[in-house]
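# Chains, contacts and geometry: an overview
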Amino acid sequence: MSDEKQTGMPLHFRILIALVIGTVVGIAINPGAINLPDEQIAAELEIQANESGTDQTVDIKESTGFESIRRRFQSREKLNAALPQGSAGVTASGFPASMIAVTERAVHIVEAAGSITIDYTRKHNGQPVATTLKVGAASELPEHWREFHSKHGGGTKRMLSAVAKYGGDLFLRLLKMITVPLIVTSLITGVAGLNNTSSFGAMFSRTLIYYGITSMLAITTGLLIVNLVQPGIGADLPGGTEAVLAGGEQTLSGILLGLIDNMIPTNPLLALVDSNFLSIITFSIIFGVFIVRTGGETARVLREFFQATFDVMMRLTMAIISLAPLGVFCFMVYATSSQGLAIFGTLAWYMLAVFLALAVHAGITLPLIVKFVAKRSPVEFARAMSPALMTAFSTASSNGTLPLTMTCVEERANVPNRISSFVLPLGATINMDGTALYEAVAVLFIAQAYHGDVSIASQIVVAITALLASVGAAGIPHAGLVMMAIVLQAVNLPLEAQGIIIAVDRVLDMCRTSVNVWSDSCGCAVIAGMDNSASDVVE
């Protein structure tokens, strides 16, 4: 690539160096968590215990504007044991410090231009449950938080973390800026460049078959690993928050119907403005197909126009991609300086199960498919895709990484644009191997914590529901939480248990996003290998 010749170092090496240095710098400037004083904890809580049949609950409502917590107890005795003496069944304000055993908390403050974010980590029975308070300025904080912020906010380390976050966000905004026009011009150019629409139909069916098979293999791998490691056995899970419970309002049928609705835009221009990827992909494909069907001078002019526009977008994309090492560095500094490492200790077995399952799928299953179906060297193909994979890891955004993924597939892995322009945008929208695997492991982890061993029938339900939900999650905000709520509902598990998963979701999101992008990339190699006309693929 041209930028590699200018710098003398391949892009993937520069990104890897930036990733390592950013991690080290972030750990070095991590200011650590701040433990709230006992009197502030007491001042923020209103607690009420209620009885509802045999289900004992306690509501802990915070006056600072944070979410409410609801914990369920199997017996009245267990509920009483969790509360200060004499408090059950009454409402109390200003609880004494004895409540710390249930609600001890630590705080991270992240300041950026125009915002103050307080990451607020509760501890229930030794397990972290994360929540966030975000305001535009210190004056918008609740009164007792203003004094806390004036004492602990600011400082050189926190400002460096804020600068890193701002730099990473700018890089991600640049990537997102080019994503929509790149998808439109790439898809239309690729489809319009086909000799006939029947070749498009063959590529479409092969792509969907690949997505379905790899997603099911990913979920199966997750189920096997979680049954082997059994991370949930003996775990004591706290309740979640009302924000998490809201995800339970979605149903699987509702999501799938919404998916179909999102595929057909009532206003294509509005879909472009709102970055509705399913609508954009559908309209672009249809437009390209009818360029082919129209033919003649009209088709020639439109092909030349979109090809010229695509060439310009690729030049712009390459210019932005040259900033990838800087963007990755900023993301890693912010991630490690704000999160730290201690929060992951109590969930080590759960995280190990997720890591192992993702590693098996990404390091064994997909490479075998590349070798025996695509007839390519998995090592060489992975090396070609390494800049996109490392960027996906640092940004945790499949759509944000899409321009770089397309560039790596076409220019480093030599896959024709007519294939990559169709497979990658569609894959970034509906093919989520890593996410589906993660959801299956997380739900089985929760099920093990509540019920011990989980029946085969329940695991099959989890597998099927995770597969369908992963396909339908494309047009849903905060898709991961909604997907998990759907799968939990399918096997009658309490939705509140998601609270503990959120505490370590960021680092796992980085890993599963990399697997998502790797699976999409492997799909390009597979479809190119199966496509008889793709004779220009370089092995």
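Residues numbered from 1 in each chain as written. Predicted model: local features only at pLDDT ≥ 70, side-chain atom pairs only at ≥ 80, totals over all residues. Heavy atoms only, no water.

## What to know about the overall build of the protein
The secondary structure content of the protein amounts to 23 helices and eight strands. Within the span of the protein, comprising 539 residues, buried residues form 54% of the whole. Within the protein, residue pairs in contact and separated by at least 24 positions form 76% of the contacts whose partners lie at least 6 positions apart. (Helix = DSSP H or I, 4+ residues; strand = E, 2+ residues; numbered from the N terminus. Buried < 20%, exposed > 50% of the residue type's maximum accessible area, 1.4 Å probe, protein only. Contact = heavy atoms within 4.5 Å.)

## Here's the deal with the packing of helix H12 (residues 277-294) against helix H18 (residues 417-430)
Relative orientation of the contacting elements H12 and H18 amounts to 155°, with a least axis distance of 10 Å. Between H12 and H18, the angle is such that the two are roughly antiparallel. Taken as a pair, H12 and H18 cross one another with a handedness that is left-handed. Here Phe-277, Leu-278, Ile-281 and Ile-285 of H12 lie close against H18, whose contacting residues are Phe-422, Pro-425, Leu-426, Thr-429 and Ile-430. Residue composition of the contact of H12 with H18, by class: eight nonpolar, one polar and no charged. (Axes fitted to C-alpha atoms, helices over the stretch in contact; angles between N-to-C directions. Parallel < 35°, antiparallel > 145°, perpendicular 65-115°, else oblique. Left-handed = near helix turned anticlockwise from the far one by under 90°. Nonpolar A, V, L, I, M, F, W, Y, C, P; charged D, E, K, R; others polar.)

## Some details on the pattern of salt bridges
Going through the model one piece at a time under the given rule, you end up with five salt bridges. Asp-169 is paired through a salt bridge with Lys-165; the nearest N and O atoms lie 3.0 Å apart. You can see Asp-169 and its partner Lys-165 sitting in helix H7 (residues 156-192), four residues apart, about one turn around the helix. Judged by its relative accessible area of 29%, Asp-169 is partly exposed. Residue classification places Lys-165 among the partly exposed residues on the basis of a relative accessible area of 23%. Glu-304 is the salt-bridge partner of Arg-300, the closest N and O atoms lying 2.8 Å from each other. Here the residue Arg-300 and the residue Glu-304 both occupy positions in helix H13 (residues 296-321), the gap between them amounting to four residues, near one helical turn. The class for Arg-300 is partly exposed, based on a relative accessible area of 37%. Taken together, the salt bridges that share partners define one network made up of Glu-297, Arg-300 and Glu-304. (Salt bridge = Lys/Arg side-chain N within 4 Å of Asp/Glu carboxyl O.)

## Structural notes on helix H19 (residues 433-451)
Counted at 1.5 Å a residue, the expected span for H19 with its 19 residues is 27 Å, and the 27 Å between its end C-alpha atoms agrees. Within H19, 16 of the 19 residues are buried, leaving the element largely enclosed by the surrounding structure. At the C-terminal side of H19, Gly-452 shows a positive phi close to 75°. (Expected span 1.5 Å × (residues − 1).)

## Some remarks on unusual backbone geometry
Notably, Ala-396 is not glycine yet its phi reads approximately 55°, a positive angle. With respect to the helices, strands and loops of the structure, Ala-396 is situated in the loop between helix H16 (378-395) and helix H17 (398-412). In this structure, Asn-414 is a non-glycine residue whose phi angle is positive, near 60°. Position of Asn-414 among the secondary structure elements: in the loop between H17 and H18. A relative accessible area of 31% means that Asn-414 is categorised as partly exposed.

## What to know about a nonpolar patch on the surface
A cluster of nonpolar side chains, Met-9, Phe-13, Leu-16, Ile-17, Val-20, Ile-21 and Val-24, forms an exposed patch at the surface whose accessible area comes to about 590 Å². Position of Ile-17 relative to the elements: it lies in helix H2 (residues 11-29). Among the residues examined, Ile-17 registers a relative accessible area of 40% and is labelled partly exposed. (Patch = residues over 30% accessible without salt bridge, like charges linked within 9 Å, V, L, I, M, F, W, Y side chains within 5 Å. Areas by Shrake-Rupley, 256 points an atom, 1.4 Å probe, with all protein chains shown as cover.)

## Some details on the environment of Leu-174
Turning to its location among the elements, Leu-174 is positioned in helix H7. Taking the C-alpha atoms as reference, Leu-174 lies 6.9 Å from Ile-320; in sequence the two are 146 residues apart. Beyond its immediate sequence surroundings of up to four residues, Leu-174 is in contact with Ile-320 and Leu-323.

## Comments concerning the packing of aromatic side chains
Tallying each qualifying case throughout the model produces seven aromatic pairs. Judged by centre distance (5.1 Å) and plane angle (75°), the rings of Phe-305 and Phe-306 are edge-to-face. For Phe-306, a relative accessible area of 11% gives the class buried. Ring centres of Phe-381 and Trp-518 lie 5.8 Å apart, and the angle between their planes is 40°; on these two criteria the pair is classed as tilted. With Phe-381 in helix H16 and Trp-518 in helix H23 (residues 505-530), this pair connects stretches of sequence that are 137 residues apart. A relative accessible area of 1% places Phe-381 in the buried class. Under the relative-accessibility criterion, Trp-518 is labelled buried at 5%. Among the aromatic residues, ring-to-ring pairing joins Phe-283, Phe-287, Phe-305 and Phe-306 into one connected group. Positioned above the aromatic ring of Phe-372, the side-chain terminus of Lys-371 is 6.0 Å from the ring centre. (Phe/Tyr/Trp six-rings, centres within 6.5 Å; stacked < 30°, edge-to-face > 60°. Lys NZ or Arg CZ within 6 Å of the ring centre and 35° of its normal.)

## Re the environment of Pro-416
Take Pro-416: it is sitting in the loop between H17 and H18. Separated by 109 residues in the primary sequence, Pro-416 and Ala-525 place their C-alpha atoms 9.7 Å from one another.

## Remarks on the confidence of the model for the protein
On average, residues of the protein score 74 in pLDDT, and 65% of them are at 70 or above. Low pLDDT, under 50, characterises residues 238-249; the predicted model gives this stretch 32 contacts beyond four residues in sequence or across chains. Contacts of residues 533-539 to residues separated by more than four positions or lying in other chains number 17 contacts, the stretch itself having pLDDT below 50. (pLDDT = per-residue confidence, 0-100.)

## Focus: H18
Counted at 1.5 Å a residue, the expected span for H18 with its 14 residues is 20 Å, and the 20 Å between its end C-alpha atoms agrees. Of all 14 residues in H18, 13 are buried; the element is thus mostly enclosed.

## As for the environment of Gly-434
Note that Gly-434 resides in helix H19. With a relative accessible area of 0%, Gly-434 lands in the buried category. When the C-alpha atoms of Gly-434 and Ala-218 are compared, they prove to be 7.1 Å apart, with 216 residues separating the residues in sequence. Residue contacts for Gly-434: discarding those within four places in its chain leaves Leu-358, Arg-512, Val-515 and Asn-516.

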